[in-house]
Amino acid sequence: MKLTSHKKKMRLLRFGRDFEPDQKIILRDYLAIERTRLANERTLLSYVRSSLYLLLGSIALYQLKAFANFEYLALTALVFCVIFFIVGVYRFTLLKRSLKQLYYKAEEKQD
């Protein structure tokens, strides 16, 4: 019972679709997997860049002592900075794991 509820939770957290290849992998498929992997890395870097910008913005807002209300805005930006970073790393690892499974399944069927 626990295993099925765990699988249901994991399905809710996934962002992509799962499928199994039914043919041999050809060069076009290898290249598509490589493009997807590179796009995944590029997306991770975008999440990291956005979180760093939010971090810099929150530091700058916190340094403004003349405006007391900006402290709350700085804390909000800091919280979003952490959230962006965690979401980016989570999505990166999820897609990377999915691509590895797809690649290995295709290799097994080819033999």
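The coordinates are above.
All of these numbers come straight from a predicted model, not from anything done at the bench.

Draft legend 1. Inspection of the overall build of the protein chain at higher detail. What the protein chain contains, in helices and strands, is 3 helices and 0 strands. Secondary structure elements of the protein chain occur, N-terminal to C-terminal, as α-α-α. Relative to its 111 residues, the protein chain shows a buried fraction of 15%. A sequence separation of at least 24 residues applies to 79% of the contacts in the protein chain between residues at least 6 apart.

Draft legend 2. How the structure looks around the pattern of salt bridges. Taken as a whole and judged by the stated rule, the model has 2 salt bridges. Its salt-bridge partner being R37, residue E34 comes within 2.4 Å of it at the nearest N-O pair. Taken together, the positions of E34 and R37, both in helix α2 (residues 27–63) and 3 residues apart, correspond to about one turn of that helix. In this structure, E41 and R37 form a salt bridge, with 2.6 Å as the shortest nitrogen-oxygen distance. With a gap of 4 residues between them, E41 and R37 both fall in helix α2, about one helical turn apart.

Draft legend 3. Focus on the side chain of S58. The topology assignment puts S58 in helix α2. Within the structure, the side chain of S58 is placed 2.8 Å from the backbone oxygen of L55, a separation counted as a polar contact. In contact with S58, other than residues within four places in its own chain, are A74, A77 and L78.

Draft legend 4. A look at the packing of aromatic side chains. Summed over all chains, the structure comprises 1 aromatic pair. Seen from their ring centres, F67 and F70 are 5.2 Å apart, and the 35 degrees between their planes marks the pair as tilted. Overall, the relative accessible area of 48% leaves F67 in the partly exposed class. Using a relative accessible area of 30% as the deciding quantity, one classes F70 as partly exposed.

Draft legend 5. Up close: a nonpolar patch on the surface. Together, V79, F80, I83, F84 and V87 line one region of the surface with nonpolar side chains, adding up to about 400 Å² of accessible area. Mapped onto the fold, V79 is located in helix α3 (residues 70–110). A residue is classified by how much of its surface remains accessible, and V79, at 47% relative accessible area, is partly exposed.

Reading the values: rules and limits
- Residues numbered from 1 in each chain as written.
- Predicted model: local features only at pLDDT ≥ 70, side-chain atom pairs only at ≥ 80, totals over all residues.
- Heavy atoms only, no water.
- Helix = DSSP H or I, 4+ residues; strand = E, 2+ residues; numbered from the N terminus.
- Buried < 20%, exposed > 50% of the residue type's maximum accessible area, 1.4 Å probe, protein only.
- Contact = heavy atoms within 4.5 Å.
- Salt bridge = Lys/Arg side-chain N within 4 Å of Asp/Glu carboxyl O.
- Polar contact = N/O pair within 3.5 Å; in protein donor to acceptor, adjacent residues only side chain to side chain.
- Phe/Tyr/Trp six-rings, centres within 6.5 Å; stacked < 30°, edge-to-face > 60°.
- Patch = residues over 30% accessible without salt bridge, like charges linked within 9 Å, V, L, I, M, F, W, Y side chains within 5 Å.
- Areas by Shrake-Rupley, 256 points an atom, 1.4 Å probe, with all protein chains shown as cover.

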